[in-house]
Amino acid sequence: MTRLAQTAGLNDVQQEILSTVRDFVDKEIIPVATRLEHRDEYPTEIVEGLKELGLFGLMIPEEYGGLGESLLTYALCVEEIARGWMSVSGIINTHFIVAYMLKQHGTQEQKDTFLPRMALGEVRGAFSMSEPALGSDVAAITSKGVKDGDEYVLNGQKMWLTNGGTSSLVAVLCRSDEGHPEGTAPHKSMTTFLVEKEPGFGEVRPGLTIPGKIDKMGYKGVDTTELIMDGLRIPANRVLGGTTGRGFYQMMDGVEVGRVNVAARGCGVAQRAFELGVAYAQQRHTFGKPIAQHQAIQFKLAEMATKVEAAHAMMVNAARKKDSGERNDLEAGMAKYLASEYCKEVVEDAFRIHGGYGFSKEYEIERLYREAPMLLIGEGTAEIQKMIIGRRLLEEYRFQG
Ligand SMILES: Cc1cc2nc3c(=O)[nH]c(=O)nc-3n(C[C@H](O)[C@H](O)[C@H](O)COP(=O)(O)OP(=O)(O)OC[C@H]3O[C@@H](n4cnc5c(N)ncnc54)[C@H](O)[C@@H]3O)c2cc1C
């Protein structure tokens, strides 16, 4: 099943990494994914396997013990993993974003402290912007960090924290007034705090509570939580980059690479849906022949495969643009938007091909059908992607007349 979603121009190392990951997905993830997902069970053994493969340090520079690979290699691995089970890609995605933010914006001491242990998967990252009253409108954040001697005191409630329970390092975006008088633009008075904590639920550190897992329609197995800060004290050297007021930009930089990864997840889930649909269509007979021989079903398969190809090409283009050092917000926004919409459509078509059986929990497509909608929301909804794309287009095509 490798005709679709091929990537030209990969070097030997990239090809070897991808083939190892694909093998791991086929042998260790696909056979257990649906069972674990139905039980909402954390995939501990799979995570241990990912650690052994070095995937938690894939993009962390070699000097910190990582593999120092490109965003493209990372995105292609995410695509493979999501093909097996989207929740597993969620476990490494927030870790990857925090490691990337540290690499790009951290002080030398912060890099030395966290990156080597993150590369081994010993320290696991989560990032937290959203609050109960906001997600898209990041500038409206109300959680606050107030300076008190050599520390900051953090108060506020955060929402939708992927890996909130299992992580030990959370990058938390708060408003910080210190040095930013009243009236400062909201995005210039935000700070990312690096919050270390014990994994688990309840009061995981004085002033910090992770209440429990949010019960979700899909994307199960991976924990998504709230985070409550009530007088949480953070040393001043845990301000990301050492300077307050940079948090909004640091988070947006992280989310931008995160968007390529959500696109890659959409590609992976769509590929799996296609594989399931094309296999079922050749086994199920109606009116004396396999349903794959009815033109209406062949047209569906043709549309699905075309969408898989198009989404993959755009995702690869966005990753390569970032790897070349160029600004890629336009391409990342387009890839995320297209891949998540196409994913939902391909999954729906595969579901329809399964007829009534698609509605049964015995069939994998039932799980994919509940997973695909998350991609329409995470790392910015479709509407937010279109706002980013539209603004950038008006910059690029400024009317000169
Ligand atoms: C399973 C899951 C995991 C998540 N993990 C994380 C995480 O790890 N960290 C984190 O910080 N967040 C996380 N999120 C939060 C996610 O980023 C937000 O849900 C998302 O950004 C949307 O925000 P919202 O839910 O508040 O919707 P809202 O912002 O309230 O939007 C509601 C609707 O209005 C639309 N809308 C909003 N503004 C505009 C506008 N200006 N023009 C047109 N339409 C608009 C939106 O597109 C959407 O359709 C997660 C969410 C989920 C569901």
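In the block above lies the structure referred to throughout.
Here's a quick rundown of the structure. (Residues numbered from 1 in each chain as written. Predicted model: local features only at pLDDT ≥ 70, side-chain atom pairs only at ≥ 80, totals over all residues. Heavy atoms only, no water.)

Enumeration over the complete set of coordinates arrives at 8 aromatic pairs. Centroid distance Tyr 280 to Tyr 363: 6.3 Å. Interplanar angle 85°. Geometry classified as edge-to-face. Of the two residues, Tyr 280 is situated in helix H6 (residues 247-283) and Tyr 363 in the loop between helix H8 (329-353) and helix H9 (364-375); the sequence distance between them amounts to 83 residues. Members of the aromatic cluster, connected to one another through ring pairs, are Tyr 74, Phe 96 and Tyr 100. (Phe/Tyr/Trp six-rings, centres within 6.5 Å; stacked < 30°, edge-to-face > 60°. Helix = DSSP H or I, 4+ residues; strand = E, 2+ residues; numbered from the N terminus.)

Quick look at the pairing of strand S2 (residues 144-148) now. Pairing of S2 with strand S3 (residues 151-162), which is carried by 5 bridges, proceeds in the antiparallel orientation. Residue Val 146 lies in a different strand from S3, and its bridge partner there is Val 153. What sits between the antiparallel neighbours S2 and S3 is a turn of 2 residues, in which Gly 149 has the positive phi angle 65°. With 2 bridges connecting them, S2 and strand S4 (residues 169-176) associate as parallel partners. The residue bridging Gly 145 from the neighbouring strand is Ser 176, located in S4. (Pairing = 2+ DSSP bridges.)

Attention now moves to the pattern of salt bridges. Enumeration over the complete set of coordinates arrives at 34 salt bridges. Its salt-bridge partner being Arg 83, residue Glu 275 comes within 2.9 Å of it at the nearest N-O pair. One end of the pair, Glu 275, is in helix H6; the other, Arg 83, is in helix H3 (residues 71-84), with 192 residues separating them in the sequence. We note that Glu 275, like Arg 83, is buried. Linking Arg 392 and Glu 396 is a salt bridge whose minimum nitrogen-to-oxygen distance equals 3.1 Å. In this pair, Arg 392 and Glu 396 are both assigned in helix H10 (residues 382-396), 4 residues apart and thus about one turn of the helix distant. Taking the relative accessible area as the measure of exposure, Arg 392 reaches 8% and is therefore buried. When its relative accessible area of 48% is taken as the criterion, Glu 396 is described as partly exposed. The structure contains a network of salt bridges with shared partners spanning Arg 22, Asp 26, Glu 80, Arg 83, Arg 272, Glu 275, Glu 364, Arg 367 and Glu 371. (Salt bridge = Lys/Arg side-chain N within 4 Å of Asp/Glu carboxyl O. Buried < 20%, exposed > 50% of the residue type's maximum accessible area, 1.4 Å probe, protein only.)

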